[in-house]
Amino acid sequence: MSGFSYIAGSLHAEQVSLTAIAEAVGTPTYVYSGDTIRATYRDFAEAFADRDALICYAVKANSNLAVLGLLAREGAGADAVSIGEVKRAVAAGVSPQKIVFAGVAKSATEIEEALTIGILQFNVESLPELERISAIAAARGLVADVAIRINPDVDAGTHAKITTGKKGNKFGIDLDQAKSVYAHAATLPGIRAAAVAMHIGSQITTVAPFEAALTRLVALAQELIADGHPITRIDCGGGVGIPYHGEAPIDIGAYAEMVKRVTAGFPGTLMFEPGRYLVGNAGVLLSRIEYVKQGSDRRFYILDAGMNDLIRPAMYEAWHEIISVRETAETPAPVDIVGPICESSCIFAKDRPMPPLVDGDLLAILSAGAYSAAMASSYNTRALPAEILVEGDQFAVIKPRRSLDDLFSDESPAPAFVTSGV
Ligand code: LLP
């Protein structure tokens, strides 16, 4: 993982020691390398520099305003899946004309607010949604730009919980219904169907599924253009995977070569919605060992970070590399690395070879820049983890640790009841 390395026997983020961060703000704490995010974004953007391309960062991967602001300053747009994410993107400085709004359940209020903000396009997932957007826009004398998200029925070869482009998933409109939905869209007063979109899943580690899906999408776009639809953008979605456990990462040059080849006959804008690729390997979760417990048949490192802080191992059986902050060459032996939550699924690694460590030692859980802090909760009445952004030899607290009082100060043991009126 670039951005993180041992300097003088201690793990650093860029030039800042993780031990110093733990002392300053405590643990568990997410630490991101700004330089890594920027460099990764630039690689992605550079790969499409010879095409008209808009990179809409998938806000859900890591929605901290400091991360969004960094990417906005690089020129990124945003892919949002709630009005909350749209507002975060705007607050971070993303131009509304670079924001796409996706998601299967957009409410009328969300659609109204997004129209007021003036976003670039809605990525529409169903016929009733299309009609709702048209009605709301037309009532305000507006025409909303939309992409219909097509379900290309391609197996992305990823974890079942994050595959989205197979027939039977709740996402998008089936390819065989696409032309009739576009024909219907053309009759709606509040809609301009300006784009086609896809997103087939996340943590995809080969180019082949993208190529299969994009080939279908481009063929559809060309048929739609021939039928007179004003298609000027193809949204290729996100999904490019990262190495967590020695997987060969997708070479972004090879991905770009494929996209440019498959879309060669399309003169319009190419859009992308990368999330994990841009931030996943730019972050770690820094945690302290509270106890080393020797059971009769195994040894446990019990951390102060739990599944509420990082749920990916419990939810997807995800593998995260875990390393000692103090550099050590001592012989590793298998341990279980677990957290404090009262569930057996609160475990980060089983039988993981680790060096001998003691209470108070710090560990870094790697590849925790995406879908990590963003998915944290306060389950077990635990404060959300703090977040830190490092730039060179400086760091900033980008999410302070809240006091425990904040967790329940708006609740009451004797709440005031009101009559329901029914
Ligand atoms: N576009 C759409 C419409 C999406 O649904 C997603 C992610 C993305 C873009 C960004 O995908 P990425 O480039 O990050 O793969 N929580 C899971 C991942 C869920 C992904 C959901 N959709 C995890 O921790 O692995």
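Residues numbered from 1 in each chain as written. Predicted model: local features only at pLDDT ≥ 70, side-chain atom pairs only at ≥ 80, totals over all residues. Heavy atoms only, no water.

A. Summary view of the overall build of the chain. Counting its regular elements, the chain contains 12 helices and 21 strands. Relative to a compact globule of 422 residues, whose C-alpha radius of gyration would be 22 Å, the chain shows 23 Å and is just as compact. Projected onto its principal axes, the C-alpha coordinates of the chain cover approximately 70 × 60 × 40 Å. Considering only contacts in the chain between residues 6 or more positions apart, those separated by 24 or more positions represent 70%. Within the structure as shown, the chain displays about 17700 Å² of accessible surface, and the carbon and sulfur contribution to it stands at 54%. Within the chain, the 49 negative side-chain charges are centred at a point lying 2 Å from the centre of the 35 positive side-chain charges. (Helix = DSSP H or I, 4+ residues; strand = E, 2+ residues; numbered from the N terminus. Rg over C-alpha atoms; globule rule 2.2 N^0.38 Å. Contact = heavy atoms within 4.5 Å. Areas by Shrake-Rupley, 256 points an atom, 1.4 Å probe, with all protein chains shown as cover. Lys, Arg positive; Asp, Glu negative; His and termini not counted. Charge placed at Lys NZ, Arg CZ, Asp CG, Glu CD.)

B. The arrangement of a negative patch on the surface in detail. The grouping of Asp405, Asp406, Asp410 and Glu411 at the surface amounts to a negative patch. Inspection of the secondary structure puts aspartate 405 in helix α12 (residues 404–408). Classification of aspartate 405 by relative accessible area gives exposed; the value is 53%. (Patch = residues over 30% accessible without salt bridge, like charges linked within 9 Å, V, L, I, M, F, W, Y side chains within 5 Å. Salt bridge = Lys/Arg side-chain N within 4 Å of Asp/Glu carboxyl O. Buried < 20%, exposed > 50% of the residue type's maximum accessible area, 1.4 Å probe, protein only.)

C. Focus on the environment of leucine 65. As for its placement among the helices and strands, leucine 65 is situated in helix α3 (residues 65–73). Between the alpha carbons of leucine 65 and arginine 276 there is a distance of 16 Å; along the sequence they are 211 residues apart. Aside from chain neighbours lying at most four places away, what touches leucine 65 is Arg88, Ala91 and Ala92.

D. Region of interest: the UniProt feature "modified residue: N6-(pyridoxal phosphate)lysine" (unreviewed entry) in the chain. Taking the numbering used here, the UniProt-annotated feature "modified residue: N6-(pyridoxal phosphate)lysine" (unreviewed entry) corresponds to Lys60. Given a relative accessible area of 31%, lysine 60 falls into the partly exposed group. Non-local contacts of lysine 60, meaning those with residues more than four positions away in its chain, are made with Asp79, Val81, Glu85, Tyr371 and Ala374. (UniProt positions renumbered as here; feature names shortened; annotations may be inferred.)

E. Region of the structure containing the environment of serine 412. Here serine 412 shows up in the segment after α12. For serine 412, the side chain forms a polar contact with the main-chain nitrogen of alanine 414, separated by 3.0 Å. (Polar contact = N/O pair within 3.5 Å; in protein donor to acceptor, adjacent residues only side chain to side chain.)

F. Examining the site of the ligand more closely. Neighbouring residues of the ligand: 18 residues in total, closest Ser202, Glu273, Arg312, Tyr316 and Tyr371. The separation between an oxygen atom of the ligand and a polar side-chain atom of lysine 60 is 3.4 Å. Contacts to the ligand include aspartate 79, whose side-chain N or O atom sits 3.2 Å from a nitrogen atom. Here the ligand has 580 Å² of accessible area as a free molecule, and 91% of this is covered by the chains. (Near = heavy atom within 4 Å.)

G. Quick look at helix α4 (residues 83–91). Of the residues making up α4, those classed as buried are Ile83, Glu85, Val86 and Ala89. Buried residues of α4, seen end-on, are gathered within an arc of 160° and therefore sit on one face of the element. Just downstream of α4, glycine 93 is the residue with a positive phi angle, here 100°. (Arc of directions from axis to C-beta.)

H. Just the nonpolar core, in detail. One finds Phe122, Leu214, Ile234, Tyr255 and Ile337 to be the most contacted residues of the largest nonpolar core, which totals 104 residues. Ranked by residues supplied to this core, first place goes to helix α8 (residues 208–226) with eight residues. With 16 residues, the next largest nonpolar core counts Leu11, Ile21, Ala22 and Val31 among its residues. (Core = buried A, V, L, I, M, F, W, Y, C linked by side-chain atoms within 4.5 Å.)

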